[in-house]
Amino acid sequence: MTLVSGTHGAHSATYRDRGGRRVVDHYGKPERVGKAVRNVVGAIEMGYGVLAVTGDDRVEFVDNAVSNRVPAEDGQGVYTLLLDPQGGIETDMYVYNADERLLVFLPPERTEAVADDWSSKVFIQDVTVEDASEEFGVFGVHGPKSTEKIASVLGGPGAPEKPLSFVRGSMVDAGVTVIATDAPLGEEGYEVVCAADDAEEVFDTLINRGLNAAPFGYRTWDALSAEAGTPLFEYELEGTVPNVLGLRNALDFEKGCYVGQEVVSRVENQGRPSQRLVGLALDGLADATAETDGDADPEGYDEILPTPGAAVFAGDEAVGEVTRAAVGPASGEPIALALVRYDAALDSVGVRVDSEEVAATRADLPFSFVDGSARSARVPTYSSDE
């Protein structure tokens, strides 16, 4: 459930469900709002679930469960994964060391299951796991002017610089924590965390005080992150072995044993996974729309984009499937992310759309037309490419 319905309503928000939580889908013209984020700055209410992990053994306990090294210092965070025994991703998460507790930000649909699982495995360790989702408001601020935006409204310290580090300060009368993101949208970015009771005031501050920011929703988030080459839990990550997605920033190959590590290490040692994540420019859709309308209208693609699971062909051979498609705000043209066979020759590519095959072109990630102010830490990298 959103904490700032009044502000959303004032901007004519349309909502959608995200893992059981009500979030903003868009405020109208999502592709045009995406251009505003790419060119200046935008703000979004994030739909996270939040776990609070306390007790003397909290860092060791969580570190033993996840794929990356959990920081032992206050003010630092990490992006990491929870895997099943077959190496498939059960959830991704950000873990922040917030002094006497760890705060874990994860997809809302995974919050209860992770809390229950971790609580059942505590045994004699001094660890308590609680669902703290209702305690916090979390807002993203993204775009090439995001540092200027934060500086215009943050009282106290300057904005943090190191990705996933954070500082504590204030906005108007509200205490906030400001986290430097790992650039999931391919732009400079921050997340602002506050008490739930202060959420309305903080979001209004982010939109209207200091340097104005355009409010945007998850439809724009999905499109911007696709352009940036950032795989997301609800589309690409769930159930996938992380090597397939090139998520090397989420893996520490030197740390101790965790569930799924043997599979990850075996795939890494093989030099290449069975599949890889690629970008596709959907040329056939752009051509068809231009021929029909006389102009490729970005708002006109929504009804004809391929759906997740649409087949991808190399010549006459099916080599993979689309994970999501969107209109790229930076280009105004249709794009897709797809999981394809690692060794597939993608010189001639087609995508199934409504029983028809439309032409596409393989694109490197991030898409070349995105001249972002930062590079997403999740852009796929493969050991065989190094």
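Residues numbered from 1 in each chain as written. Predicted model: local features only at pLDDT ≥ 70, side-chain atom pairs only at ≥ 80, totals over all residues. Heavy atoms only, no water.

A.B. asks: Could you clarify how one ought to interpret the pairing of strand E18 (residues 349-353) in this entry?
C.D. replies: Remember that side chains alternate between the two faces of the sheet whenever the strand is regular. The element E18 is largely enclosed, with a buried count of four among its five residues. Sheet analysis places strand E15 (residues 311-314) next to E18, joined by three bridges and oriented antiparallel. Each bridged residue has a counterpart across the sheet, and for Val 312 the counterpart in E18 is Val 351. Sheet analysis places E18 next to strand E19 (residues 356-363), joined by five bridges and oriented antiparallel. Of the residues in E19, the one forming a bridge with Val 353 is Glu 356. Linkage of E18 to E19, two consecutive antiparallel strands, is achieved through a turn of two residues, within which Asp 354 is found at a positive phi near 50°. (Buried < 20%, exposed > 50% of the residue type's maximum accessible area, 1.4 Å probe, protein only. Helix = DSSP H or I, 4+ residues; strand = E, 2+ residues; numbered from the N terminus. Pairing = 2+ DSSP bridges.)

A.B. asks: I keep staring at the side chain of Glu 227 and nothing clicks. Help me out?
C.D. replies: Along the polypeptide, Glu 227 turns up in helix H7 (residues 218-228). Among the polar contacts made by the side chain of Glu 227, one reaches the main-chain amide nitrogen of Ala 330 at a distance of 2.7 Å. Not counting residues within four places of it along the chain, the set of residues in contact with Glu 227 comprises Arg 38, Gly 328, Pro 329, Ala 330, Ser 331, Ile 335, Pro 366, Phe 367, Phe 369 and Val 370. (Polar contact = N/O pair within 3.5 Å; in protein donor to acceptor, adjacent residues only side chain to side chain. Contact = heavy atoms within 4.5 Å.)

A.B. asks: I'm lost on the packing of aromatic side chains in this one. Help?
C.D. replies: Throughout the structure, instances matching the rule amount to ten aromatic pairs. Ring geometry for Phe 139 and Phe 203: centres 5.0 Å apart, planes at 15°, overall stacked. Here Phe 139, found in strand E9 (residues 136-142), pairs with Phe 203, found in helix H6 (residues 199-208); they are 64 residues apart in sequence, far enough to count as distant. By relative accessible area, Phe 139 is classed as buried at 0%. With centroids separated by 5.6 Å and ring planes inclined at 85°, the aromatic side chains of Tyr 342 and Tyr 382 adopt a geometry described as edge-to-face. With a gap of 40 residues between them, Tyr 342 in the loop between strand E17 (334-341) and E18 and Tyr 382 in the segment after E19 connect regions that are remote in the sequence. (Phe/Tyr/Trp six-rings, centres within 6.5 Å; stacked < 30°, edge-to-face > 60°.)

A.B. asks: How should the confidence of the model for the protein be read in this particular structure?
C.D. replies: Any segment with low pLDDT has predicted coordinates that should not be analysed in fine detail. On average, residues of the protein score 92 in pLDDT, and 95% of them reach the 70 mark or higher. Across residues 292-297 the pLDDT falls below 50, and counting only partners more than four positions away or on other chains, this stretch makes seven contacts in the model. (pLDDT = per-residue confidence, 0-100.)

A.B. asks: When you look at the side chain of Lys 149 in this model, what are you seeing that I'm missing?
C.D. replies: In this fold, Lys 149 is placed in helix H5 (residues 146-153). For the buried Lys 149, no salt bridge is present, and the opposite-charge side chain at shortest range is Asp 204, 9.2 Å distant. Within the local environment of Lys 149, its side chain forms a polar contact with the backbone oxygen of Arg 209, the two atoms lying 2.4 Å apart. Once you skip the residues sitting within four places of it in the chain, Lys 149 turns out to touch Val 41, Val 141, Thr 205, Leu 206, Ile 207, Arg 209, Gly 210, Leu 211, Asn 212 and Ala 213. (Lys, Arg positive; Asp, Glu negative; His and termini not counted. Salt bridge = Lys/Arg side-chain N within 4 Å of Asp/Glu carboxyl O.)

A.B. asks: Before we go on, may I ask you to explain the environment of Ser 120 in this structure?
C.D. replies: In this fold, Ser 120 is placed in helix H4 (residues 111-120). Residues Ser 120 and Ser 383, 263 residues apart in the sequence, show an inter-C-alpha distance of 36 Å. In this structure the side chain of Ser 120 is engaged in a polar contact, spanning 2.7 Å, whose partner is the backbone oxygen of Asp 117.

A.B. asks: I tried to follow H5 on my own but got confused; where do I start?
C.D. replies: Among all positions of H5, only Ser 146, Lys 149, Ile 150 and Val 153 are buried. Looking straight down H5, one finds its buried side chains confined to an arc of 95°; they lie on one side. Here the buried face of H5 lies against E9, strand E10 (166-171), strand E11 (174-180), strand E12 (189-195) and H6. (Arc of directions from axis to C-beta.)

A.B. asks: I keep staring at H4 and nothing clicks. Help me out?
C.D. replies: Within an α-helix, residues lying three or four positions from one another point in the same direction, as the helix has 3.6 residues per turn. Along H4, the residues that are buried comprise Thr 111, Val 114, Ala 115 and Trp 118. In a view along the axis of H4, the buried residues occupy a sector of 100°, so they form one face of it. The elements touched by buried residues of H4 are strand E4 (49-54), helix H3 (58-65), strand E5 (76-83), strand E6 (89-98), strand E7 (101-106) and strand E8 (128-131).

A.B. asks: For this particular structure, what's the right way to read the UniProt feature "domain: GCVT N-terminal" (unreviewed entry) in the protein?
C.D. replies: Feature annotation in UniProt assigns "domain: GCVT N-terminal" (unreviewed entry) to the following positions: residues 31-253. This span, residues 31-253, is 27% helix and 30% strand, and a straight line between its end C-alpha atoms measures 39 Å. (UniProt positions renumbered as here; feature names shortened; annotations may be inferred.)

A.B. asks: Even after reading the chapter, I still don't get the UniProt feature "binding site: substrate" (unreviewed entry) in the protein, so can you show me in this structure?
C.D. replies: Those residues carrying the UniProt feature "binding site: substrate" (unreviewed entry) are Glu 191 in this numbering. Along the chain, Glu 191 falls in strand E12. With relative accessibility at 5%, the residue Glu 191 sits in the buried group. Look past the residues within four positions of Glu 191 in its chain and what remains in contact with it is Met 46, Tyr 48, Tyr 96, Phe 105, Val 138, Phe 139, Gly 140, Thr 177, Val 178, Ile 179 and Thr 181. Only 2.7 Å separates the side chain of Glu 191 from the side chain of Tyr 48, close enough to count as a polar contact.

A.B. asks: Quick question: what am I supposed to make of the sheet that holds E6 here?
C.D. replies: In a beta sheet, neighbouring strands pair by backbone hydrogen bonds and run either parallel or antiparallel. In spatial order, the strands read E5-E6-E7-E4-E8; together these five strands make up an open sheet with antiparallel pairing. Of all the strands in the sheet, the pair left with one neighbour each is E5 and E8. Pairs of neighbouring strands in the sheet enclose a mean axial angle of 25°, with direction left out of account. Of the strand pairs in this sheet, E5 and E6 are connected by eight bridges, and their pairing is antiparallel. When the sheet's bridge partners are listed, Val 78 is paired in E6 with Val 95. (Axes fitted to C-alpha atoms, helices over the stretch in contact; angles between N-to-C directions.)

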